[in-house]
Amino acid sequence: MNYQVVIPAAGQGKRMNAGKNKQFIKLQSIPVIIHTLRVFEKDPHCSGIILVINKDEQEEFEKLLATYNIQKVTSLVHGGSERQHSVYNGLQNVRNSEIVLVHDGARPFVKVEFIHKLVKAAVENGAAILAVPVKDTIKRASIDLHVNETVERSGLWAVQTPQAFHVSVLTAAHEQARREQYLGTDEASLVERLPRQVTIVEGDYLNIKLTTQDDLLFAEAILKNWKS
Ligand SMILES: Nc1ccn([C@@H]2O[C@H](COP(=O)(O)OP(=O)(O)OP(=O)(O)O)[C@@H](O)[C@H]2O)c(=O)n1
Ligand SMILES: C[C@](O)(CO)[C@H](O)COP(=O)(O)O
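The text that follows walks through the structure, step by step, so that each part is easy to find. Everything quoted here is computed from the prediction, not taken from an experiment. All residue numbers refer to position in the chain's written sequence, counted from 1. As a convention, the first chain written is A and the first ligand written is 1, with the rest following in written order. Restriction of local features to residues with pLDDT of at least 70 applies here, the model being predicted, together with a cutoff of 80 or more for giving and counting side-chain atom pairs; totals for whole chains, interfaces and linings are based on all residues. The basis for every side-chain value is the complete set of non-hydrogen atoms in the structure, without hydrogens or water.

Our next topic: the nonpolar core. Core analysis: the largest hydrophobic core is formed by 34 residues, its most contacted members being Y3, I33, L37, F40, L51 and L101. Going along the chain from the N terminus, every DSSP run of H or I of four or more residues is numbered as a helix, and every run of E of two or more is numbered as a strand. Contributing elements (two or more residues each) for this core: β1 (3-8), α1 (32-42), β4 (46-53), α2 (58-67), β6 (99-102), α4 (112-125) and β7 (127-133). Examining the composition of this core, we find that six residues originate from one element, α4, more than from any other. Two residues qualify as a contact provided that any one of their heavy atoms is within 4.5 Å of a heavy atom in the partner residue. Contacts of I33, omitting those with residues within four sequence positions, involve I7, A9, Q23, L51, F61, L64 and G105. Formed by 22 residues, the second largest nonpolar core is a distinct cluster that contains V100, A127, A188 and L190. Only buried residues count toward a nonpolar core. Its members are Ala, Val, Leu, Ile, Met, Phe, Trp, Tyr and Cys residues joined through side-chain atoms within 4.5 Å. Burial classification: accessible surface area is computed with a 1.4 Å probe over protein chains only, and a residue below 20% of its type maximum counts as buried, one above 50% as exposed, and the rest as partly exposed.

Estimated volume of the largest pocket: approximately 910 Å³. Elements supplying a minimum of two residues to the lining of the largest pocket: α3 (83-91) and β10 (157-166). In terms of residue count, the dominant contributor to the lining of the largest pocket is β10 (four residues). Following the grouping adopted for this structure description, the nonpolar residues are Ala, Val, Leu, Ile, Met, Phe, Trp, Tyr, Cys and Pro, the charged ones are Asp, Glu, Lys and Arg, and the polar ones are all others, Gly among them. Residues that form the lining of the largest pocket fall into these classes: seven nonpolar, 17 polar and nine charged. Of the voids in this model, the second largest pocket is the one considered here, and its volume is about 390 Å³. Site definitions follow a grid-based scheme: protein atoms alone, a 1 Å grid, a 1.4 Å probe that fits but cannot get out for cavities, and for pockets an open set with protein on both sides within 12 Å along at least five of seven lines, plus lining residues having an atom within 4 Å of a point. Grid points are joined across faces, edges and corners, and a volume is the space filled by probe spheres set on the points.

Every residue near ligand 2 is listed here: R15, R83, D104, R107, V159, T161, T185, D186 and K209. Identification of polar contacts relies on pairs of N or O atoms within 3.5 Å, with a donor-acceptor requirement for protein atoms, meaning one able to donate a hydrogen and the other able to accept it, and with residues adjacent in sequence counted only if both atoms are side-chain atoms. Between ligand 2 and D104, the relevant distance is 2.6 Å, taken from an oxygen atom to a side-chain nitrogen or oxygen of the residue. Accessibility throughout is a Shrake-Rupley quantity obtained with a 1.4 Å probe, and a residue counts as covered only by protein chains that appear here. When isolated, ligand 2 has an accessible area of 360 Å², and the protein chains bury 75% of it. In a pocket analysis with a 2 Å cut-off to the grid points, ligand 2 is assigned to the largest pocket. Grouping the amino acids of the shell around ligand 2 by side-chain chemistry returns one nonpolar, two polar and six charged. Throughout, near means a residue has at least one heavy atom within 4 Å of the molecule or strand. Think of it this way: a molecule belongs to a cavity or pocket when more than half its atoms come within 2 Å of the grid points there.

Here we take up the side chain of K72. Position of K72 relative to the elements: it lies in the loop between α2 and β5 (73-78). His is not counted, nor are the chain ends, whereas Lys and Arg count as positive and Asp and Glu as negative. Here, a salt bridge means any side-chain nitrogen of Lys or Arg that lies within 4 Å of a carboxyl oxygen of Asp or Glu. Lacking a salt bridge, the buried K72 has D43 as its closest oppositely charged neighbour, with an N-O distance of 6.0 Å. Ignoring any residue separated from it by four or fewer positions in sequence, one finds K72 in contact with F40, E41, D43, P44, C46, G48 and I49.

Let us look at the site of ligand 1. Taken together, 19 residues lie near ligand 1, and G13, K14, R15, K22 and S86 sit nearest. Take R83: an N or O atom from its main chain is 3.4 Å from a nitrogen atom of ligand 1. Relative to its unbound accessible surface of 560 Å², ligand 1 loses 89% to contact with the protein. Structurally, ligand 1 is housed in the largest pocket.

In structure tokens form, the structure reads like this:
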């Protein structure tokens, strides 16, 4: 089954503290966003990429797409103040596809085998996400850092992207969230509120999101042994 992918890349990268959008940071001389785009560019099942960008970075993104010969970007869409708003704007540009994926531009290491497993699960169930079992013990603490609760670890998953949906399911979820002014940290949390069951597809721990400086160390190590 073919799909289209919305790639939100319109954040400011505040936690990365790189003085620029982290999408432009180079890993082995290639910008992060190009590493991410290439995964979908090479996948014959991806029929189009909707790239969501900061409006002030339009020219920079256009130059990158030309320099690296990225052909599948069908729309360059301007993002919003929150990730959810950016994804919503991108979603308005999905065309002629039953399945839509949402994938963070800041996650350059997703493997195509997991994308295909995810799409299959979304076709069957309507909504599917990549995730990995939590390895650390997770505790909930008070504002003054006193432990309130140790969260039972079995059954806890660290959620990633891509997240895959029937277009109608994700559209309904985003429209409901807008009506109710609900803000979630991922698309699945909006779909869960419909309510609609979301299926987990186990991914791998290398599919990290580049968020803070230390993630760049992991990224360089991953790239040394990278086979997408
Ligand atoms: N208003 C926003 C916020 C985030 N994103 C994108 O959503 C992905 C995941 O968000 P995150 O890792 O939080 O990126 P930033 O928001 O840039 O990081 P920070 O919160 O540190 O500023 C990134 O590819 C980011 O560019 C977006 O398109 N629009
Ligand atoms: C969507 C996500 O990557 C799933 O783990 C994550 O919620 C994004 O969070 P961010 O703070 O917007 O990076």
